[in-house]
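Spelled out from the first residue to the last, the chains are:
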Amino acid sequence: MDIVVKGRKTEVPERFRKHVAEKLKLEKIQKLDGKVISLDVEVSKEPNPRQADRCDRVEITLRSRGPVIRAEAAASDPYAALDLAAEKLDARLRKEHDKRHTRRGARRLTAAEVADHVPGAATLNGNGHAVHEEESDGVPTKKIGSLEVKGEGPLVVREKTHVASPMTLDQALYEMELVGHDFYLFVDSETKEPSVVYRRHAYDYGVIHLSTDPMVAQGHSPAAGGTLGG
């Protein structure tokens, strides 16, 4: 397997190609993922002078028999951008490697053991149906998937609150790739508003920003709820 280095609207000097080969050591990558098919490095340049500190972007795409792993970074020169992207690629490769080994080493639990090892798991009766648990107020509660239904309703959904530091869109994309999810909720460092970045198809991403409705902020009830576009 060879490393393919290409430029998008920019020339790639031979010195940089040699630096890529030294930085992305194939032996190390193949130890973490023995089913690598191809490794592509694309270099691009941002002509906007206002983004001089992020004018050079390097995108690394690793294809194997498993999921495609991508890592990208921008800096004031292509060498610095390559170093940052290589660090991200290494982190994601190690994460995927650890996940594979964890799955291989994990022992399957029997149905009788699930309740002892998984907090909040439903208890099954002899027929394989969930046994309803009685709350302190005497109202039966049952689990449907990840939801808890108390009596005949309404649904009681468990809520989680996370402390989040504001971050840029690039940081949010990196965190989403790092955890391997298809979406990532974050607080935009520029607008200070909650936003969601999500994977669409191929290498495309989408981002949804939330902002406060001025009519609601002034105490007026909106005529209709907000909708999300595709």
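Residues numbered from 1 in each chain as written. Predicted model: local features only at pLDDT ≥ 70, side-chain atom pairs only at ≥ 80, totals over all residues. Heavy atoms only, no water.

**Student:** When you look at the pattern of salt bridges in this model, what are you seeing that I'm missing?
**Tutor:** When the charged atoms of two side chains lie near each other, side chains of opposite charge can form a pair. Here the structure, examined in full by the defined rule, presents 11 salt bridges. One salt bridge connects lysine 45 with aspartate 56, and the closest N-O pair in it is separated by 3.3 Å. With lysine 45 in strand E2 (residues 36–45) and aspartate 56 in strand E3 (residues 56–64), this pair connects stretches of sequence that are 11 residues apart. Taking the relative accessible area as the measure of exposure, aspartate 56 reaches 6% and is therefore buried. The salt bridge involving glutamate 59 is made with arginine 70; its shortest N-O contact spans 3.1 Å. Note that glutamate 59 is positioned in strand E3 and arginine 70 in strand E4 (residues 69–75), a separation of 11 residues in sequence. By relative accessible area, which is 16% here, glutamate 59 ends up buried. Through salt bridges that share partners, Arg57, Glu59, Arg70, Glu72 and Asp170 make up one connected network. (Salt bridge = Lys/Arg side-chain N within 4 Å of Asp/Glu carboxyl O. Helix = DSSP H or I, 4+ residues; strand = E, 2+ residues; numbered from the N terminus. Buried < 20%, exposed > 50% of the residue type's maximum accessible area, 1.4 Å probe, protein only.)

**Student:** Any chance you could explain the pairing of strand E10 (residues 194–199) here in plain terms?
**Tutor:** Both strand E9 (residues 183–187) and E10 contribute to a ladder of 5 bridges, which runs antiparallel. Bridged to valine 187 within E10 is proline 194. The antiparallel pairing of E9 with E10 creates a hairpin that spans 6 residues between the two strands, and lysine 192 there sits at a positive phi of about 60°. The pairing of E10 with strand E11 (residues 205–209) spans 5 bridges and is classified as antiparallel. Each bridged residue has a counterpart across the sheet, and for valine 197 the counterpart in E11 is valine 207. (Pairing = 2+ DSSP bridges.)

**Student:** Would you take a moment to explain the confidence of the model for the protein chain for this structure?
**Tutor:** Any segment with low pLDDT has predicted coordinates that should not be analysed in fine detail. Chain-level statistics for the protein chain give a pLDDT mean of 75 and a share of 64% at 70 or above. Overall, residues 224–230 carries pLDDT values under 50, and its contacts beyond four positions in sequence, including any with other chains, amount to 1 contact. (pLDDT = per-residue confidence, 0-100. Contact = heavy atoms within 4.5 Å.)

**Student:** I'm lost on the sheet that holds E9 in this one. Help?
**Tutor:** Note on sheets: strands pair through backbone hydrogen bonds, and any given pair is parallel or antiparallel. Read from one edge to the other, the open sheet built from 3 strands follows the order E9-E10-E11, with strand pairing classed as antiparallel. The open sheet has two edge strands with one neighbour each: E9 and E11. Strand after strand, the sheet turns through a mean of 20° between neighbouring axes, direction not considered. On the sheet, helix H5 (residues 169–179) packs against E9, E10 and E11 and is oriented at approximately 50° with respect to E10. (Axes fitted to C-alpha atoms, helices over the stretch in contact; angles between N-to-C directions.)

**Student:** Would you explain the packing of aromatic side chains in this entry?
**Tutor:** How two aromatic rings sit relative to each other is given by the distance of their centres and the angle of their planes. Applying the stated criterion to the full structure yields 1 aromatic pair. Seen in terms of ring centroids, phenylalanine 16 and tyrosine 79 are 5.3 Å apart; in terms of plane orientation they differ by 70°. Their pairing is edge-to-face. Pair noted here: phenylalanine 16 is in helix H1 (residues 14–23) and tyrosine 79 is in helix H3 (residues 78–105), with a separation of 63 residues, a long-range link. The exposure class assigned to phenylalanine 16 is buried, which follows from its relative accessible area of 2%. (Phe/Tyr/Trp six-rings, centres within 6.5 Å; stacked < 30°, edge-to-face > 60°.)

**Student:** What should I look at first to understand the environment of aspartate 56 in this one?
**Tutor:** For the pair aspartate 56 and aspartate 77, spaced 21 residues apart in sequence, the C-alpha to C-alpha distance is 5.4 Å. In contact with aspartate 56, not counting residues within four places along its chain, are Ser44, Lys45, Ala73, Ala74, Ala75, Ser76, Asp77, Pro78 and Ala81. A polar side-chain atom of aspartate 56 sits 3.3 Å from a polar atom in the side chain of lysine 45. (Polar contact = N/O pair within 3.5 Å; in protein donor to acceptor, adjacent residues only side chain to side chain.)

**Student:** Which parts of the structure should I look at to understand the sheet that holds E4?
**Tutor:** The sheet built from 4 strands is open, its strands ordered E1-E2-E3-E4 with mixed pairing. A single partner strand is all that each edge strand has here, and the edge strands are strand E1 (3–8) and E4. Across the sheet, the mean angle separating the axes of adjacent strands is 15° when strand polarity is ignored. Inspection of the sheet shows E1 paired to E2 by 6 bridges, in the parallel sense. Each bridged residue has a counterpart across the sheet, and for valine 4 the counterpart in E2 is aspartate 40. Running over the sheet, H1 touches E1, E2 and E3 and is turned about 140° from E1.

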